[in-house]
Amino acid sequence: MTVIVPADPRPALSAVLDASARAWTDEATAAIAADASAIRRLFPAARRRCGHSRLNEHWTVDEAARAVLLTALPLRGQALADEVAALHRHGDPAEQRAVLRTLPLLDLGELALPLVREALRGNDTTLIEAALGPYATRHLPDPEYRQAVLKCVFCEIPLDRVHGLGTRADRELARMLADFAHERIAAGRDVPHDIRPVVRAFPDVIGKALEHAFDEEEVA
């Protein structure tokens, strides 16, 4: 299973911004470094000032620009967590995605887990996907990580967009996905192909009937 690993977007961003956008980003970064509260007016403006085309397979330009602004915050610990949470709370979905994607670049420990949990409770698949990046891989407890993967399956989010699945998948997750597969087969519905590597990594949970069903579907 190939998992997209979201790299730090800052080096790539400088290469695609025009002179005006680059100057704005430099000025905004300096303003935030001098006064953290400046991010409250500058963060929403990033899309308009820098554009929103795709930077690479994981980041858009406005998300990357907002990552630059977030990493310029001269705050630590709970103060940083509070500022990031406020930007997320008051932001539109594009701003919320930028916050979630930037979490791995911020020194927050487990303080940003409430933002991840809020995204995972919702139904916006773009926010769920953004929440399940390296930060969630590192900090989300096992039961919550398993439930998040199962939600991705229900929401038809491809599992190759879930960061860290290769290392976080365990027997209990495989069992949950096997139960899901049994229910789909009993209902005469197809089983998503991308759950099969996780299930098959734990042969004791798959059972002969499910293995046979997998084989039949692949032949068909």
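Residues numbered from 1 in each chain as written. Predicted model: local features only at pLDDT ≥ 70, side-chain atom pairs only at ≥ 80, totals over all residues. Heavy atoms only, no water.

**Remarks on the nonpolar core**
For soluble globular proteins, the rule of thumb is that nonpolar side chains tend to be buried together. Convention followed: In this description, a nonpolar core means a group of buried Ala, Val, Leu, Ile, Met, Phe, Trp, Tyr and Cys residues linked to one another through side-chain atoms lying within 4.5 Å. Categorising residues by exposure relies on relative accessible area from a 1.4 Å probe, with only protein chains included: less than 20% of the type maximum marks a residue as buried, more than 50% marks it as exposed, and the intermediate range marks it as partly exposed. By definition in these notes, contact holds between two residues if any of their heavy atoms fall within 4.5 Å.
Core analysis: the biggest nonpolar cluster contains 76 residues, and Leu70, Leu73, Val84, Leu103, Leu132 and Leu140 have the highest contact counts within it. What Leu140 contacts, discounting residues up to four positions off in sequence, is Leu113, Val116, Leu120, Leu132, Tyr135, Tyr145, Ala148 and Arg168.

**Section: the packing of aromatic side chains**
Selection rule: For this analysis, a ring pair means two rings from Phe, Tyr or Trp (six-membered ring only for Trp) whose centres lie within 6.5 Å, classed as stacked if their planes differ by under 30 degrees, edge-to-face if by over 60, and tilted for the remaining angles. In this scheme, Lys NZ or Arg CZ marks a charge over a ring once it lies within 6 Å of the ring centre and within 35 degrees of the ring normal.
Following the criterion strictly, the structure yields one aromatic pair and no others. Geometry around Phe43 places Arg66 over its ring, the cationic atom sitting 5.4 Å from the centre. Of note, Arg168 hangs over the ring of Tyr145, and the distance from its end group to the ring centre comes to 4.3 Å.

**Points about the packing of helix α5 (residues 61-71) against helix α7 (residues 93-102)**
Under the convention used in this document: Between N-to-C directions, angles span 0 to 180 degrees; the directions come from axes that are lines fitted to C-alpha atoms, helices contributing only their stretch in contact. Secondary structure is summarised from DSSP: a helix means a run of H or I of at least four residues, a strand means a run of E of at least two, and numbering begins at the N terminus for each. Every angle not falling under 35 degrees, over 145, or within 65 to 115 is termed oblique; those three ranges are roughly parallel, roughly antiparallel and roughly perpendicular. Here a crossing is called left-handed whenever its near helix is offset anticlockwise from the far helix by less than a right angle, and right-handed whenever the offset is clockwise. Ten residue types, Ala, Val, Leu, Ile, Met, Phe, Trp, Tyr, Cys and Pro, are classed as nonpolar, four, Asp, Glu, Lys and Arg, as charged, and the remainder, Gly among them, as polar.
At a minimum axis distance of 9 Å, the contact between α5 and α7 shows a crossing angle of 60°. The pairing of α5 with α7 is recorded here as oblique in orientation. Considering how the two elements wind past one another, α5 and α7 form a crossing that is right-handed. Contact residues: α5 offers Asp62, Glu63, Arg66, Ala67, Leu70 and Thr71, while α7 offers Ala94, Glu95, Arg97, Ala98, Val99, Arg101 and Thr102. Looking at the contact of α5 with α7, its residues break down into five nonpolar, two polar and six charged.

**Section: α5**
Along an α-helix, a turn takes 3.6 residues, which lines up residues three or four apart on a common side. Where burial is concerned, most of α5 is hidden: 10 out of the 11 residues are buried. Where α5 is concerned, the buried positions are Val61, Asp62, Glu63, Ala64, Ala65, Arg66, Ala67, Val68, Leu69 and Leu70. Taken together, the buried residues of α5 touch α1 (10-16), α2 (19-34), α3 (39-42), α4 (46-50), α6 (77-90) and α7.

**Describing the pattern of salt bridges**
Convention followed: Whenever Lys or Arg places a side-chain nitrogen within 4 Å of a carboxyl oxygen from Asp or Glu, that contact is recorded as a salt bridge.
In this structure the tally under the stated criterion is 13 salt bridges. Linking Arg66 and Asp62 is a salt bridge whose minimum nitrogen-to-oxygen distance equals 3.4 Å. Taken together, the positions of Arg66 and Asp62, both in helix α5 and four residues apart, correspond to about one turn of that helix. Taking relative accessible area as the criterion, Arg66 reaches 1% and is therefore assigned buried. Residue classification places Asp62 among the buried positions, given a relative accessible area of 1%. Here Glu172 ties to Arg175 by a salt bridge, and the two come within 2.5 Å at their closest N and O atoms. Taken as a pair, Glu172 and Arg175 lie in helix α13 (residues 171-186) at a separation of three residues, close to a single helical turn. Among the charged side chains, a salt-bridge network with shared partners connects Arg47, Asp62 and Arg66.

**So, the side chain of Thr25**
Looking at the secondary structure, you find Thr25 in helix α2. Once residues lying within four places of it in the same chain are set aside, the contact partners of Thr25 are Leu17, Cys50 and Val68.

**Remarks on the environment of Pro197**
With respect to the element layout, Pro197 can be found in helix α14 (residues 196-200). Each C-alpha atom, one on Pro197 and one on Ala178, is 11 Å from the other, the two residues being 19 residues apart in sequence.

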